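This is what each chain is made of:
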Amino acid sequence: MAENPYIIQFPDLMAGKKIMYVHGFGSSAQTATVGRLRQTFPSAEVVAYDMPVEPHEAIALLKEKCAADQPDLIIGTSMGGMYAEQLYGFDRILVNPALQIADTMQEHGLTGKQTFFNPRQDGVQEFYVDKPLVKRYREVSEQRFNGIDEQERQHVWGLFGDRDDLVHTYDLFLEHYPQAVRFHGEHRIDDHAFYHAIVPVVRWIDDRQQHREREIVYIGWETMHDDYGKAVSCLRKAFCRLIETYQVYLVCPASTTNPAQMTEMQAWIADQLDAPAHDHIIFTNRRDLLYGDFLVGSPHDDNFTGTLLEFGSDEMKSWEHILEFFERLKK
């Protein structure tokens, strides 16, 4: 894969660890996502294999490779997400997982003669999908969720594009695993989806594996939007920068009389800040009880026990000023 000038490197993430990537239907180990992983996490070893078209052979190969490689993290997309779900005992990220792949193949015309999207090591360019093969895909896919327990549920993250027009398994996944995350994107992974959905989850998993505790930054609801409900200038940029170093939580006012308002705030944050905001929203009217290091808030937050950055003050007029403050801390 050619160098991507827009790739951001995170040499400290997954350092010295092994990431296994499981490709989707009609693809190969030469997919662009493998290149993104290798460039983004240069201190990690990324392994990927061309999977057999025959699904029973594919899952057997993956289990064999897992036993040999002992990956610290498995990432599977589409059909690869269906396979990865069954690789129990490892941390996994399933991106738009085709958990009902036989139905998907029939509904979207993925039968008959097919051409591989990427070059294969064996040089084969075409393959054929007939009814018996679809039946075997159904047999393998129906082994999903087989005997999972509570510990296993914590090993798996599901990422689902809100514009995915091919696979719709969010509800099915959520019946069995709690960590289901929506992101802005389609079925295929582009740079935006990779950096705003996959990378943050990799960071959360790496922090847990390393027992790493990051300093905590709280962001008050009033600092995120203007009087017209629009996102404040540079909010997204600041949020993306901060989550690279800190554990960031969004703090919103709680309401017992108007719970719909809380739902609206949650939806607004998800729309503006995407997948990294998942499970990082706190509803409270007592910010003085928050335990953390920094709060980007208002003058009313002077009882916060950490460092208060008063948004809109002479020193912290904008999110650009907030970012300058945190950049100075790194020096």
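Before any of the text, the structure's been laid out above.
None of the values given here were measured: they were computed from a predicted structure. (Residues numbered from 1 in each chain as written. Predicted model: local features only at pLDDT ≥ 70, side-chain atom pairs only at ≥ 80, totals over all residues. Heavy atoms only, no water.)

Below, the discussion takes up the sheet that holds strand β10 (residues 247–252). One open sheet holds the five strands; their spatial order is β11-β10-β9-β12-β13, and the pairing between them is parallel. Because the sheet does not close on itself, it has two edges, and the strands there are β11 (281–283) and β13 (307–310). If you compare each strand with its neighbour and ignore which way they point, the axes differ by 25° on average. Bridging between β10 and β11 involves three bridges; their strand directions are parallel. (Pairing = 2+ DSSP bridges. Helix = DSSP H or I, 4+ residues; strand = E, 2+ residues; numbered from the N terminus. Axes fitted to C-alpha atoms, helices over the stretch in contact; angles between N-to-C directions.)

We now examine the sheet that holds strand β7 (residues 156–161). Strand order in the open sheet formed by six strands is β2-β1-β3-β4-β7-β8, and the pairing between neighbours is parallel. Pairing within the sheet leaves two strands with one partner each, and these edge strands are β2 (45–48) and β8 (180–183). Geometrically, the sheet is characterised by an average inter-axis angle of 20° between neighbouring strands, direction not taken into account. Most of the contacts of helix α1 (residues 32–40) go to β2, to which it runs at about 165°, and overall it touches β1 (18–22), β2 and β3 (73–77). Relative to β1, helix α2 (residues 55–69) is tilted by about 175°, and along the sheet it contacts β1, β2 and β3. (Contact = heavy atoms within 4.5 Å.)

Taken across its five residues, β3 has five buried, putting it largely inside the fold. What you see with β3 is no split at all: Leu73, Ile75 and Thr77 on one side and Ile74 and Gly76 on the other are buried throughout. Relative to β3, β1 is paired through four bridges, and the arrangement is parallel. Residue pairing for β3: valine 22 is matched across the bridge by glycine 76. In terms of strand pairing, β3 meets strand β4 (residues 92–95) through four bridges, oriented parallel. By the bridge assignment for β4, isoleucine 74 is matched with arginine 92. (Buried < 20%, exposed > 50% of the residue type's maximum accessible area, 1.4 Å probe, protein only.)

Assignment of secondary structure puts threonine 169 in the loop between β7 and α7 (170–174). At 2.8 Å, the side chain of threonine 169 forms a polar contact with the backbone oxygen of proline 97. Filtering out sequence-adjacent residues up to four positions away, threonine 169 remains in contact with Pro97, Leu99, Gln100 and Phe160. (Polar contact = N/O pair within 3.5 Å; in protein donor to acceptor, adjacent residues only side chain to side chain.)

Not every positive phi belongs to a glycine, and asparagine 96 is a case in point at roughly 45°. Following the sequence through the fold, asparagine 96 ends up in the loop between β4 and α4 (101–107). The class for asparagine 96 is buried, based on a relative accessible area of 1%. Even without a glycine there, the phi angle at aspartate 274 is positive, about 65°.

It is the contact of helix α9 (residues 235–242) with helix α11 (residues 319–330), at a shortest axis distance of 9 Å, that shows an interaxial angle of 20°. Classified by the angle their axes make, α9 and α11 are roughly parallel. Relative to α11, α9 is oriented so that their crossing is left-handed. For the pair α9 and α11, contact is made by Leu235, Lys237, Ala238, Arg241 and Leu242 and by Trp319, Glu320, Leu323, Phe326 and Glu327, respectively. For the contact of α9 with α11, a count of residues per class yields six nonpolar, no polar and four charged. (Parallel < 35°, antiparallel > 145°, perpendicular 65-115°, else oblique. Left-handed = near helix turned anticlockwise from the far one by under 90°. Nonpolar A, V, L, I, M, F, W, Y, C, P; charged D, E, K, R; others polar.)

It is worth spelling out helix α8 (residues 191–210) at this point. Helix length check: α8 (20 residues) gives 26 Å between terminal C-alpha atoms against 28 Å at 1.5 Å per residue, within 8%. Most of α8 sits inside the fold, with 14 of its 20 residues counted as buried. Capping of α8 at its N-terminal end is provided by aspartate 190; its side-chain oxygen lies 3.3 Å from the backbone amide nitrogen of histidine 192. A positive backbone phi angle near 55° is found at histidine 211, which sits one or two residues after α8. (Expected span 1.5 Å × (residues − 1).)

Among the surface-exposed residues, Asp302, Glu310, Asp314 and Glu315 lie close enough to one another that they form a single negatively charged patch. Secondary-structure assignment places glutamate 310 in strand β13. (Patch = residues over 30% accessible without salt bridge, like charges linked within 9 Å, V, L, I, M, F, W, Y side chains within 5 Å. Areas by Shrake-Rupley, 256 points an atom, 1.4 Å probe, with all protein chains shown as cover. Salt bridge = Lys/Arg side-chain N within 4 Å of Asp/Glu carboxyl O. Lys, Arg positive; Asp, Glu negative; His and termini not counted. Charge placed at Lys NZ, Arg CZ, Asp CG, Glu CD.)

Looking now at the pattern of salt bridges. Scanning all chains against the criterion turns up 18 salt bridges. The salt bridge partner of aspartate 191 is arginine 36, with a shortest N-O separation of 2.7 Å. With aspartate 191 in helix α8 and arginine 36 in helix α1, the pair connects residues that are 155 residues apart, well separated along the chain. The buried category is assigned to arginine 36, whose relative accessible area is 9%. In this structure, the salt-bridge partner of glutamate 54 is arginine 136, at a minimum N-O distance of 2.6 Å.

Moving on, we get to the packing of aromatic side chains. Enumeration according to the criterion identifies 18 aromatic pairs in this entry. Considering the side-chain rings of tryptophan 221 and tryptophan 268, the 5.3 Å spacing of their centres and the 80° angle between planes classify their relative orientation as edge-to-face. Of this pair, tryptophan 221 sits in the loop between β9 (216–220) and α9 while tryptophan 268 sits in helix α10 (residues 259–273), placing them 47 residues apart in sequence. Judged on exposure class, the residue tryptophan 221 and its partner tryptophan 268 are both buried. Linked through ring pairs, Phe145, Phe160, Tyr170, Phe173 and Tyr177 together constitute an aromatic cluster. Positioned above the aromatic ring of phenylalanine 117 is the side chain of arginine 188, whose terminal nitrogen or guanidinium carbon lies 4.3 Å from the ring centre. Sitting over the ring of phenylalanine 10, arginine 203 keeps its end group 5.5 Å from the ring centre. (Phe/Tyr/Trp six-rings, centres within 6.5 Å; stacked < 30°, edge-to-face > 60°. Lys NZ or Arg CZ within 6 Å of the ring centre and 35° of its normal.)

The values are spatial; any link to function lies outside them.
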